[in-house]
Structures are given as C-alpha cells and as structure tokens.
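Letter by letter, the chains look like this.
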Amino acid sequence: HASLFACGVKAGDEVITTPLTFAAPAIASHLLGATTVFADIDPKTFNIDINQIKKRITDRTKAIIPVSLYGLPTNIDEIMLLASSKNIKVIEDNAECLLGSYPCGNIAGSKADISIFSFQRSKHITSETGGIIVSNDSALAERARKFSILGYQTLGPESIGKSVTKDQIQNPKFIRHDFVAPNYRLAELCAPAMVAQVEKAEILVTKRIQIANLYKERIKSCDWIVAQYIPKGFKHSYWTYTVKIDINKSPVSWKKFREIYVDEGGSPFYAAWLPVYLEPAFYKKKEGETGRIYESGLCPIVEELQPQLIQLKTNFANLDLANRQAEILEKTIRKCQKM
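It should be emphasised that the depicted structure is a prediction, and the values quoted were computed from it without experimental measurement.

When you look at the environment of Glu158 in this model, what are you seeing that I'm missing?
For Glu158, the position within the fold is in the loop between α5 (138-148) and α6 (166-169). Residues Glu158 and Glu142, 16 residues apart in the sequence, show an inter-C-alpha distance of 7.6 Å.

This is how it looks when you write it as structure tokens:
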C-alpha cells in the first residue's frame, strides 16, 4: 500500500500483478482506487510471465508488482527493461523470498524501484508481524516512509526523522501531517526481535534450503510430482517447497494424496491460494476500463495449475523433524502408486 502510494498510484490507474499469490498486492491497489490487472504465469516457474505482462500494459498502467513466489525470484531484468521503456514503476514483492538471488548474483529485491519483505510469523525471519520496504530512490523512500506513519512531515528517506526539538513539537503551530495516511509502523517491542532475526538470517535461509533438498531427493523418481522449476543462475530461498501433482499422470487426486500424507504422520500442508480474481472480493467485478470481468478464464494457466499445487513446509525446528517429513512424503508416494 505504502509502496504503491510512493509510486504515485491513484484512482484510475492500473497495476499489473499475478493472481497466484496472497491477495495483498491486489487489495492494496484497490485501496488506492486503482484497478488490478492480472497477468498469467509461466507454467514451470509459477512466476508472472513477462509476455503476459506485455499484453496487459495500457496507457493507464502505473506499476507492475512481480511476486517472487515461494522464494523463487522473478526475471527482474526483463521486467525492469520493459517497465523503464514505458515509464512504469516496479514494486518487487519478496514477502516469500529472503536472500534469493538473480543470475548476476544480486540479492532479490535489489533491482526494482521498490521491494518489500514480510516479517509475518511463517516467513524466513519474523517479528510475528510487519515488514520492510527497501529502495535506492530517496524520493520514493521518503513518500513510502511518510505514508506508513500517518503522513508525518518530519520523516525523511533515511533517518527516523528530521532534527526537531521538543520545543518545536510542543508549539501550538507545529505542523505534523503532509497528507492523509494510515499507521503501518512496526511496534517497538517487535523491533529488537527483528534485529536479532536479521543477524541470523543466513542461517535460517540455509536451513530452509536444506529442508527443500530433503524433499527434492524423495520425489526425484516420481514422474507425477513436479517441482517448481528454477532457471539457471537463480537462487531459491524456499519459503515453502512447492510441487504440483500432475493430474494427467497421478494415480490419486490432490485430496486423496493429502489424506494419505496426513494419515502417515505428515504435517498438514496448504493448497495454493485461490486465484485472486475468483475470491468474492473481486469475482464478477469489472476490471477497470478494460472491459474484462474478473471471472474464470482470465488466466487459464493459473487456473489449471492452482488446484494441483502442494505447499510443503520448510520451517521445521531442526533437520531431523524435516527428514521425517521427507520420509513420509516418499512413503505416501509409494502408497499412492500401488492404488
């Protein structure tokens, strides 16, 4: 919300994003009166497809929000090249990707105009809630910072605030708010916890990668379970280890697979989110001035893939627990193959 505001998104504008993610990007666009335009995905990486982005761009497009889904960075170089040629801002959603990287070695979140990271409790590092915005553009950083804290005029792009004395603040003529904005600041009690988490971020991300590799080893001989494809040179940080059950080859349904997995002692896993435009908050509403309606058929690749996805947990306390889950996964596959 703060990032979109910083980029100047307003009523009548359009924001392109993926429908295969948590609804936050779409909701934030609508809170500013803008229209969310959904672009389909690459069926192998599960990330937004730049060719589909190109088809959705209009003269109303103000921002693009690519999402590093499950911890896999998007092809940000191509997206930035396209966006810069059309004067469109890019906000990279790395809520699920910490210390992932692009082929050039740059950390995910270091190339877009603005990038966001999440500290929600299931993420790589957490203070239970909250998140962070990063940007190399001081003007964008200042607008985002002010918007996240009630539009306070004393807030700058880098510091906590301008040098303001108590006498100035206590003056009856002191001016506080540059514009109307919500209060998104992180609670002070959460901040020390976040500092401690950042200090061990590499350890926590490495553990998630190790857990993902345990799963990877157990599915390699199964041709009907297909892992998210990682293009050469990209580093995945595995918020979850996500695979699809190929319905054309699988001996069991998604529901049956989960039932067997849980019965064997597996930790219950989530399905992928319903495509955002099929949620009641959006379904059957008009997509701005495009003439399209939010309904089935808008992004066929997402709609085909979403019911097949399994999001396996990577946030176990230790590798022994994770290895046990990997063993249960292999056992479940063997049991399914006998059906």
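From this point, things continue past the structure.
Explanation requested: the nonpolar core in the structure shown.
In globular proteins that are soluble, nonpolar side chains generally tend to be buried together. Counting 34 residues, the largest nonpolar core has Tyr215 and Phe257 as its most contacted members. Listing elements by their share of this core, those giving two or more residues are α8 (201-219), β8 (240-245), α9 (254-263), β9 (309-313) and α11 (319-337). Non-local contacts of Tyr215, meaning those with residues more than four positions away in its chain, are made with Tyr241, Tyr261, Leu312, Lys313, Thr314, Phe316, Gln325, Ala326 and Leu329.

So what exactly am I meant to see when it comes to the pairing of β9 here?
For a regular strand, side-chain orientation follows a simple rule: the groups alternate between the two sheet faces. Counting buried positions over the five residues of β9 gives four, a clear majority of the element. In this sheet, β9 lies alongside β8 in antiparallel orientation, the contact comprising five bridges. Note that in β9 the partner of Val243 across the bridge is Ile310.

For this particular structure, what's the right way to read the sheet that holds strand β7 (residues 225-227)?
Judged by pairing direction, the sheet is antiparallel, and its three strands sit side by side in the order β7-β8-β9 without closing on themselves. Two strands bound the open sheet, and with one partner strand each, they are β7 and β9. Each neighbouring strand pair of the sheet contributes to a mean axis angle of 35°, computed without reference to strand direction. Here β7 runs beside β8; their pairing, made up of three bridges, is antiparallel. By the bridge assignment for β8, Ala227 is matched with Val243.

Help me understand the environment of Glu279 in this model?
The topology assignment puts Glu279 in the loop between α9 and α10 (300-305). Residue class for Glu279 comes out partly exposed when judged on its relative accessible area of 31%. Along the sequence, Glu279 and Ala23 sit 256 residues apart, while their C-alpha atoms lie 9.0 Å from each other.

Is there a simple way to think about unusual backbone geometry in this case?
Glycine aside, negative phi is the norm for most residues, and most peptide bonds take the trans geometry. Residues other than glycine seldom take positive phi values, yet Glu128 does so here, at roughly 85°. For Glu128, the location among the structural elements is in the loop between β5 (114-118) and β6 (131-134).

The rules we used
- Residues numbered from 1 in each chain as written.
- Predicted model: local features only at pLDDT ≥ 70, side-chain atom pairs only at ≥ 80, totals over all residues.
- Heavy atoms only, no water.
- Helix = DSSP H or I, 4+ residues; strand = E, 2+ residues; numbered from the N terminus.
- Core = buried A, V, L, I, M, F, W, Y, C linked by side-chain atoms within 4.5 Å.
- Buried < 20%, exposed > 50% of the residue type's maximum accessible area, 1.4 Å probe, protein only.
- Contact = heavy atoms within 4.5 Å.
- Pairing = 2+ DSSP bridges.
- Axes fitted to C-alpha atoms, helices over the stretch in contact; angles between N-to-C directions.

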